[in-house]
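Here is what each chain is made of, one letter per residue.
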Amino acid sequence: MGFLVALAYFSGMWAWKGTTIGGIVLGLKVARMDGQPLTFTVALVRALAAAFSFVVLFLGFFWIIWDKDRQGWHDKIAGTVVVRLPRGTPLVCL
């Protein structure tokens, strides 16, 4: 049940705002590599791929350290990248 709640939260927030509450605080946003808007389907694929990255001893997340594009497995699978927003970007108007 917890997995489904987390899946719904992350994919819903990424599709709606492009970020999560933690991402808003840190000034991070998920964007597609092709510049298109992040759809719910892409967000769901990213969330499922992130769950896989978690299950294999976090290797998909540690991959970010060695990757030249700073993408985890979930980003590579979904065709996304995490970008840092400029300082002063309003938190509520993302």
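For the structure itself, consult the block above.
All values derive from a computational prediction rather than experimental measurement. (Residues numbered from 1 in each chain as written. Predicted model: local features only at pLDDT ≥ 70, side-chain atom pairs only at ≥ 80, totals over all residues. Heavy atoms only, no water.)

Draft legend 1. Inspection of the nonpolar core at higher detail. Core analysis: the largest hydrophobic core is formed by eight residues, namely Leu7, Trp14, Val30, Leu38, Val42, Ala43, Ala47 and Ala78. Elements supplying a minimum of two residues to this core: helix H1 (2–17) and helix H3 (40–55). Among the elements that take part in this core, H3 stands out by supplying three residues, more than any other. Residue contacts for alanine 47: discarding those within four places in its chain leaves Leu7, Ser11 and Trp14. (Core = buried A, V, L, I, M, F, W, Y, C linked by side-chain atoms within 4.5 Å. Buried < 20%, exposed > 50% of the residue type's maximum accessible area, 1.4 Å probe, protein only. Helix = DSSP H or I, 4+ residues; strand = E, 2+ residues; numbered from the N terminus. Contact = heavy atoms within 4.5 Å.)

Draft legend 2. The side chain of serine 11, seen in detail. Relative to the elements of secondary structure, serine 11 occurs in helix H1. Of the polar contacts made by the side chain of serine 11, one reaches the backbone oxygen of leucine 7; its length is 2.5 Å. Those residues in contact with serine 11 that lie beyond four places of it in its chain are Phe40, Ala43, Leu44 and Ala47. (Polar contact = N/O pair within 3.5 Å; in protein donor to acceptor, adjacent residues only side chain to side chain.)

Draft legend 3. Local environment of the pattern of salt bridges. Summed over the entire model, instances satisfying the criterion amount to four salt bridges. One salt bridge connects aspartate 34 with arginine 32, and the closest N-O pair in it is separated by 2.8 Å. In this structure, the salt-bridge partner of aspartate 67 is lysine 76, at a minimum N-O distance of 3.1 Å. (Salt bridge = Lys/Arg side-chain N within 4 Å of Asp/Glu carboxyl O.)

Draft legend 4. Structural detail: the environment of proline 86. Along the chain, the position of proline 86 falls in the segment after strand S2 (80–84). Overall, the relative accessible area of 56% leaves proline 86 in the exposed class.

Draft legend 5. Spotlight on the packing of H3 against helix H4 (residues 59–66). Taken N-terminus to C-terminus, the directions of H3 and H4 make an angle of 90°; their axes are 6 Å apart at the nearest point. What the angle tells us is that H3 and H4 run roughly perpendicular. Seen from H3, the contacting residues are Ala50, Ser53 and Phe54; seen from H4, they are Leu59, Gly60 and Phe61. A per-class count over the contact of H3 with H4 returns four nonpolar, two polar and no charged. (Axes fitted to C-alpha atoms, helices over the stretch in contact; angles between N-to-C directions. Parallel < 35°, antiparallel > 145°, perpendicular 65-115°, else oblique. Nonpolar A, V, L, I, M, F, W, Y, C, P; charged D, E, K, R; others polar.)

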